[in-house]
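# Examination of the molecular architecture
Residue strings, one per chain:
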Amino acid sequence: MGLKITQTAHYVPPKVVTNDDLTTMMDTSDEWISSRTGIKQRHLAQGEQTSDLAVKVANHLLEKANCPAEQIDFIIVATMSPDYLTPATAAIVQGKIGAKNALAFDINAACSGFIYALALADKLLTTYQRGIVIGAEVLSKLVDWQERSTAVLFGDGAGGVLVEQSPQQSLIAEDLTAYGQDGQTLTAGYQPLDSAFNQDQTAVHKHYFEMDGRAVYRFATHEVPASIERTLTKSKWQLNDVDWFILHQANGRILTSIAHHLGVAEEKFLSNVAKYGNTSAASVPLLLDEAVTAGNIKSRQKLILSGFGGGLTAATVAIIF
Ligand code: 4VN
């Protein structure tokens with residue numbers, strides 16, 4: 001008994017902002033952004049909240065599966081850019097799609113969030129039949145549009161999967177990790193203490209993304225290959241058994257570097273970072289759905305899914321699709 005992914009879907013807001021568009025807002029260039037990150041454009045939300053993107057994905061999943069909303073037992077949204085602290089984005093989705101029998105909650109493990117959520121869904125499926133797992137982000141809310149080092153990186157979007165209890169276990173192994181001591185190298189959305197009883201003494205109230213890019217880059221190039229290797233060992237898979245590596249689309253150069261560290265041909269690393277930029281928890285399901293829809297990923301293929309970033313966290317699952 002275990003988890004099987006039975007549908008995939010994604011949604012991105014229609015507005016496209018190219019690298020050239022960004023040069024009118026800040027001192028940067030298409031050359032700089034392309035060569036250092038592989039990003040050419042990103043989709044940015046206009047009048048749509050994180051829950052709106054997630055609702056589109058959820059409805060798309062239900063339509064594709066021809067599944068009534070009442071048959072959904074749980075909804076998990078992985079996000080670091082929720083509409084509110086409460087209600088959870090997943091609860092908003094539950095209400096809007098009419099999944100009246102579903103429990104619903106968000107998880108925040110930043111760029112690893114979708115992988116964490118998928119591993120969690122596997123455990124829920126010992127008790128429940130069917131669930132929706134979504135990664136959804138409107139990171140543009142957390143971007144300081146004066147700060148070129150981070151503003152060029154991030155985009156908005158959502159992706160998700162329908163998961164069902166199946167006699168055939170398709171989640172073969174998992175490796176979920178956190179490195180909380182290094183958490184300050186990537187922050188966004190600080191919530192200041194603010195009441196008559198409790199005034200915040202912190203000098204800077206860090207609402208917007210702040211990233212020590214070199215530290216996070218170094219973390220990713222060391223810890224992601226290690227997490228993937230531990231997952232392969234647990235799976236009893238060899239590197240060569242893996243059909244596709246679907247990694248968090250943090251930055252194209254980081255993907256190249258991870259492929260080299262592992263000794264894997266870069267062609268096995270699917271990528272759409274050029275089109276969407278870094279969409280944190282949304283990037284893995286967004287890439288998964290595009291690759292399934294394009295016919296690149298086929299039934300029974302062996303996949304490594306891996307997320308890494310804020311927390312700091314890194315997380316990998318091995319899946320037979
Ligand atoms: C995981 C990672 C990143 C990330 C880190 C560094 C970085 C993305 C630094 C060097 C810079 C180009 C950009 Cl590894 C971000 C997240 C957040 O989702 C997670 N880019 N860069 C340069 O000067 O080349």
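On a predicted model such as this, the values are computed, not experimentally measured, just so you know.

Cut-offs used in this document
- Residues numbered from 1 in each chain as written.
- Predicted model: local features only at pLDDT ≥ 70, side-chain atom pairs only at ≥ 80, totals over all residues.
- Heavy atoms only, no water.
- Near = heavy atom within 4 Å.
- Polar contact = N/O pair within 3.5 Å; in protein donor to acceptor, adjacent residues only side chain to side chain.
- Helix = DSSP H or I, 4+ residues; strand = E, 2+ residues; numbered from the N terminus.
- Nonpolar A, V, L, I, M, F, W, Y, C, P; charged D, E, K, R; others polar.
- Axes fitted to C-alpha atoms, helices over the stretch in contact; angles between N-to-C directions.
- Parallel < 35°, antiparallel > 145°, perpendicular 65-115°, else oblique.
- Left-handed = near helix turned anticlockwise from the far one by under 90°.
- Contact = heavy atoms within 4.5 Å.
- pLDDT = per-residue confidence, 0-100.
- Pairing = 2+ DSSP bridges.
- Buried < 20%, exposed > 50% of the residue type's maximum accessible area, 1.4 Å probe, protein only.

A few words now on the site of the ligand. Around the ligand, a shell composed of 18 residues is seen, among which R36, C111, H248, I254 and N278 lie nearest. Between R36 and the ligand, the recorded distance is 2.7 Å, taken from a side-chain N or O atom to an oxygen atom. When residues of the shell around the ligand are traced back to their parent elements, those giving at least two are α2 (30-37), α7 (213-235), α8 (252-262) and β12 (302-309). Among the elements that make up the shell around the ligand, the one with the highest residue count is α7 (three residues). Residue classes in the shell around the ligand are distributed as eleven nonpolar, five polar and two charged.

Turning our attention to the packing of helix α3 (residues 50-65) against helix α4 (residues 89-97). One way to put it is that α3 packs onto α4 with a least axis distance of 9 Å and a crossing angle of 50 degrees. Regarding the angle of α3 to α4, the classification is oblique. Seen along the crossing, α3 lies across α4 with a hand that is right-handed. Together, T50, S51, D52, A54, V55, A58, N59 and L62 of α3 and T89, I92, V93, K96 and I97 of α4 make up the contact between the two elements.

With 100% of its residues at a pLDDT of 70 or more, the protein has an overall mean of 97. By mean pLDDT, the top-scoring element of the protein is strand β4 (residues 74-78) (99), and the lowest-scoring one is helix α6 (residues 148-151) (94).

Between T86 and the following residue, P87, the backbone shows a cis peptide bond with an omega angle of 0 degrees. By secondary structure assignment, the location of P87 is in the loop between β4 and α4. Cis peptide bonds are those with omega within 30 degrees of zero, and the linkage from G311 to L312 qualifies with -15 degrees. Relative to the helices and strands, L312 is located in the loop between β12 and β13 (313-320).

Our next topic: the sheet that holds β4. Read across the open sheet, the five strands follow the order β1-β7-β6-β4-β5; overall the sheet is mixed. Each having just a single partner strand, β1 (2-11) and β5 (103-107) make up the two edges of the open sheet. In this sheet, adjacent strand axes meet at a mean angle of 20 degrees when their direction is disregarded. Relative to strand β6 (residues 130-138), β4 runs parallel, the two being bridged by five bridges. Across the sheet, the residue bridging to F74 is G131, located in β6. Contacts from α3 reach β1, β6 and β7 (156-166) within the one sheet, and its direction differs from that of β1 by about 120 degrees.

The topology assignment puts A91 in helix α4. Here A91 falls in the partly exposed class, since its relative accessible area comes to 30%. A C-alpha to C-alpha distance of 8.8 Å links A91 and I76, two positions 15 residues apart in sequence.

This part is about the pairing of strand β11 (residues 244-247). Residue alternation in β11 divides its side chains into two sets, W244 and I246 and F245 and L247, and both sets are buried. In terms of strand pairing, β11 meets β12 through four bridges, oriented parallel. When the bridges of β12 are listed, L247 appears paired with S306.

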